[in-house]
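Understanding the architecture of this molecule
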Amino acid sequence: MASNRGDHFCPSFIFLLLQLLLLQFYSGKGDLQLNYYAESCPNAEEIIKQQVIKLYDKHGNTAVSWVRNLFHDCMVKSCDASLLLETRNGVESEQKSERSFGMRNFKYVKTIKEALENECPMTVSCADIVSLSARDGIVLLGGPRIEMKTGRKDSKEGYLSEVENSIPNHNDTMELVLSRFQSIGIGTEGTVALLGAHSVGRVHCVNLVHRLYPTVDPTLDPDYAEYLKRRCPTPDPDPKKVLYARNDRETPMVLDNMYYKHLLQHKGLLLVDQQLTSDPTTSPLVDKMAADNGYFHDQFARAVLLLSENNQLTADQGEIRKDCRYVNSD
Ligand code: HEM
Ligand SMILES: *[C@@H]1O[C@H](CO)[C@@H](O)[C@H](O)[C@H]1NC(C)=O
């Protein structure tokens with residue numbers, strides 16, 4: 001049969017288009033878009049950026065916290081600000097998990113949210129604050145600029161019981177770590193790059209002492225082990241004394257490839273950090289990142305973007321919280 005393609009739209013093509021439109025409408029997926037708040041709150045991204053800068057000027061480590069928040073929020077279920085919920089009315093805060101140990105600066109999320117509520121009430125999600133504050137914090141820490149979509153929704157529940165199944169522990173095997181990231185679509189290269197976030201911030205002694213006592217982990221550089229023992233003088237650190245070591249003593253507030261250089265010198269802080277050099281699938285990537293900061297930044301940016309888009313909530317599953325600490329119905 002001769003077709004008259006070109007003269008008319010094929011009806012089945014129109015049908016397909018309609019189906020795609022309906023699918024998009026009903027699933028509510030694909031909601032993430034660049035500058036999602038262009039109409040509803042045109043200054044949203046600028047307000048977040050200004051607040052992140054102001055907070056950084058007063059407390060530099062807020063920027064570090066925003067980066068860790070992105071990981072802990074997005075890795076558990078989705079980027080839905082479930083991490084920010086405090087314990088109340090049936091919600092058990094994810095912040096109580098042992099994995100969240102040492103997380104700080106949650107109170108300053110409120111500062112950012114209040115600035116947004118003043119300009120556009122109930123419009124900008126806490127989940128987008130988590131993602132964009134991380135994005136802006138990364139720039140302040142000398143990391144790459146990352147173009148991020150917005151339009152995330154906030155969860156109506158917390159997932160405390162999921163945290164330990166999602167966030168690896170400081171002493172987990174590289175195999176397990178890689179499989180956790182693989183399950184959210186981040187491959188080996190992305191995982192190695194993401195761990196470069198440990199180029200900034202600190203680790204409390206509880207997460208280190210097993211590498212120092214009763215015997216020093218033989219893979220640790222001896223001088224570095226001495227430094228760590230000075231920072232963490234006993235095998236049972238008093239939880240009330242905030243004892244910690246810096247992730248990177250040379251450039252502790254810069255997101256650079258110093259982390260990988262230190263790994264090559266056997267100065268990895270956590271067991272997982274150091275294992276990047278002993279696992280044959282990750283060690284060539286450590287070499288590459290140690291040699292080329294630009295390559296590290298490119299891979300880091302790509303992986304942060306993947307992390308920030310993990311499994312976003314559909315419009316009807318989520319909400320826009322008024323106060324990031326509580327679901328709206330409370
Ligand atoms: C295998 C994966 C990971 C493990 C096991 C892990 C574990 C840890 C641990 C134990 C600490 C120290 C907490 C403390 O004692 O205060 C820490 C700190 C930190 N982590 Fe990770 N982490 C992982 C991946 C990531 C990723 C992917 C990011 C971000 C992209 C990240 C960002 C941070 C930051 C910024 C800090 C410093 C926080 C501060 O100084 O307040 N981590 N991590
Ligand atoms: C990892 O460290 C935790 C304490 O943070 C400890 O309870 C656990 O036994 C350790 N696991 C391994 C495999 O060493």
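For the chain, the name recorded in an unreviewed UniProt entry is Peroxidase, with Durio zibethinus as its organism. In its Sequence similarities (unreviewed entry) section, UniProt records this for the chain: "Belongs to the peroxidase family. Classical plant (class III) peroxidase subfamily." Quoted verbatim from the Catalytic activity (unreviewed entry) heading of the UniProt record, the comment on the chain is "2 a phenolic donor + H2O2 = 2 a phenolic radical donor + 2 H2O".

This part covers the coordination of the iron atom of ligand 1. For the iron atom of ligand 1, the protein contributes exactly one donor atom, His198 (NE2), at 2.1 Å. With respect to the helices and strands, histidine 198 occurs in the loop between α8 (188-194) and β1 (202-204).

Attention now moves to the side chain of histidine 170. Its location among the elements puts histidine 170 in the loop between α6 (160-166) and α7 (174-182). A polar contact is formed between the side chain of histidine 170 and the side chain of histidine 210, at a distance of 3.5 Å. Apart from residues lying up to four places away in sequence, histidine 170 is in contact with Asn207, His210, Leu270, Leu271 and Val272.

If you check the shell around ligand 2, you find Glu98, His170 and Asn171 and nothing else. Between ligand 2 and histidine 170, the relevant distance is 2.8 Å, taken from an oxygen atom to a side-chain nitrogen or oxygen of the residue. Asparagine 171 has a polar side-chain atom sitting 2.3 Å from an oxygen atom of ligand 2. Relative to its unbound accessible surface of 370 Å², ligand 2 loses 32% to contact with the protein.

Turning next to helix α4 (residues 107-119). When α4 is considered as a whole, its buried residues turn out to be Tyr108, Val109, Ile112, Lys113, Ala115, Leu116 and Glu117. Those residues of α4 that are buried lie in contact with α2 (44-58), α3 (61-75) and α5 (126-140).

The next subject is the environment of proline 42. As for its position among the elements, proline 42 is in the loop between α1 (11-27) and α2. The class for proline 42 is exposed, based on a relative accessible area of 56%. Between the C-alpha atoms of proline 42 and glycine 318, which are 276 residues apart in sequence, the distance is 22 Å.

On to the layout of surface pockets, then. Of the voids in this model, the largest pocket is the one considered here, and its volume is about 910 Å³. Forming the walls of the largest pocket are 38 residues, and the residues nearest its centre are Arg68, Phe71, His72, His198 and Leu270. Taken together, the elements giving at least two residues each to the lining of the largest pocket come down to α3, α7, β1 and α13 (293-308). When the residues that make up the lining of the largest pocket are grouped by side-chain class, the tally is 22 nonpolar, 11 polar and 5 charged. Each of domain 1 (44-164 + 309-317) and domain 2 (174-306) accounts for three or more of the residues forming the lining of the largest pocket. Taken as a whole, the second largest pocket encloses approximately 150 Å³ of empty space. Residues that form the lining of the second largest pocket fall into these classes: 4 nonpolar, 1 polar and 8 charged.

Ligand 1 sits among 23 residues. The nearest are Arg104, His198, Arg202, His204 and Asn207. Side-chain polar atom of arginine 104 to an oxygen atom of ligand 1: 2.7 Å apart, as the coordinates give it. Between ligand 1 and the protein, one listed contact pairs an oxygen atom with a side-chain N or O atom of asparagine 207 at 2.9 Å. Most atoms of ligand 1, that is more than half of them, are within 2 Å of grid points of the largest pocket. Elements represented by at least two residues in the shell around ligand 1 include exactly α3 and β1. Per-element accounting of the shell around ligand 1 gives the leading share, 4 residues, to α3. For the shell around ligand 1, a count of residues per class yields 13 nonpolar, 7 polar and 3 charged. In terms of domain composition, the shell around ligand 1 takes at least three residues from each of domain 1 (44-164 + 309-317) and domain 2 (174-306).

Let's shift gears to the packing of helix α12 (residues 283-291) against α13. Running from N to C, α12 and α13 point in directions that differ by 115°, and their axes come no closer than 5 Å. From α12, Leu285, Lys288, Met289 and Ala291 reach across to α13, where they touch Asn293, Tyr295, Phe296 and Gln299. Along the lines of polarity and charge, the residues of the contact of α12 with α13 split into 5 nonpolar, 2 polar and 1 charged.

With that settled, consider the environment of valine 139. Following the sequence through the fold, valine 139 ends up in helix α5. Taking relative accessible area as the criterion, valine 139 reaches 24% and is therefore assigned partly exposed. Between the C-alpha atoms of valine 139 and serine 100, which are 39 residues apart in sequence, the distance is 24 Å. Beyond its immediate sequence surroundings of up to four residues, valine 139 is in contact with Pro144 and Arg145.

What counts and what doesn't
Residues numbered from 1 in each chain as written. Chains lettered and ligands numbered in written order. Predicted model: local features only at pLDDT ≥ 70, side-chain atom pairs only at ≥ 80, totals over all residues. Heavy atoms only, no water. UniProt positions renumbered as here; feature names shortened; annotations may be inferred. Donors = N, O, S within 2.8 Å, 3.2 Å for Na, K, Ca; no water. Helix = DSSP H or I, 4+ residues; strand = E, 2+ residues; numbered from the N terminus. Polar contact = N/O pair within 3.5 Å; in protein donor to acceptor, adjacent residues only side chain to side chain. Contact = heavy atoms within 4.5 Å. Near = heavy atom within 4 Å. Areas by Shrake-Rupley, 256 points an atom, 1.4 Å probe, with all protein chains shown as cover. Buried < 20%, exposed > 50% of the residue type's maximum accessible area, 1.4 Å probe, protein only. 1 Å grid on protein atoms, 1.4 Å probe; cavity = no way out; pocket = protein on both sides within 12 Å on 5 of 7 lines; lining within 4 Å. Points joined across faces, edges and corners; volume = space filled by probe spheres on them. Nonpolar A, V, L, I, M, F, W, Y, C, P; charged D, E, K, R; others polar. Domains from an automatic or database assignment. Sits in = over half its atoms within 2 Å of the grid points. Axes fitted to C-alpha atoms, helices over the stretch in contact; angles between N-to-C directions.

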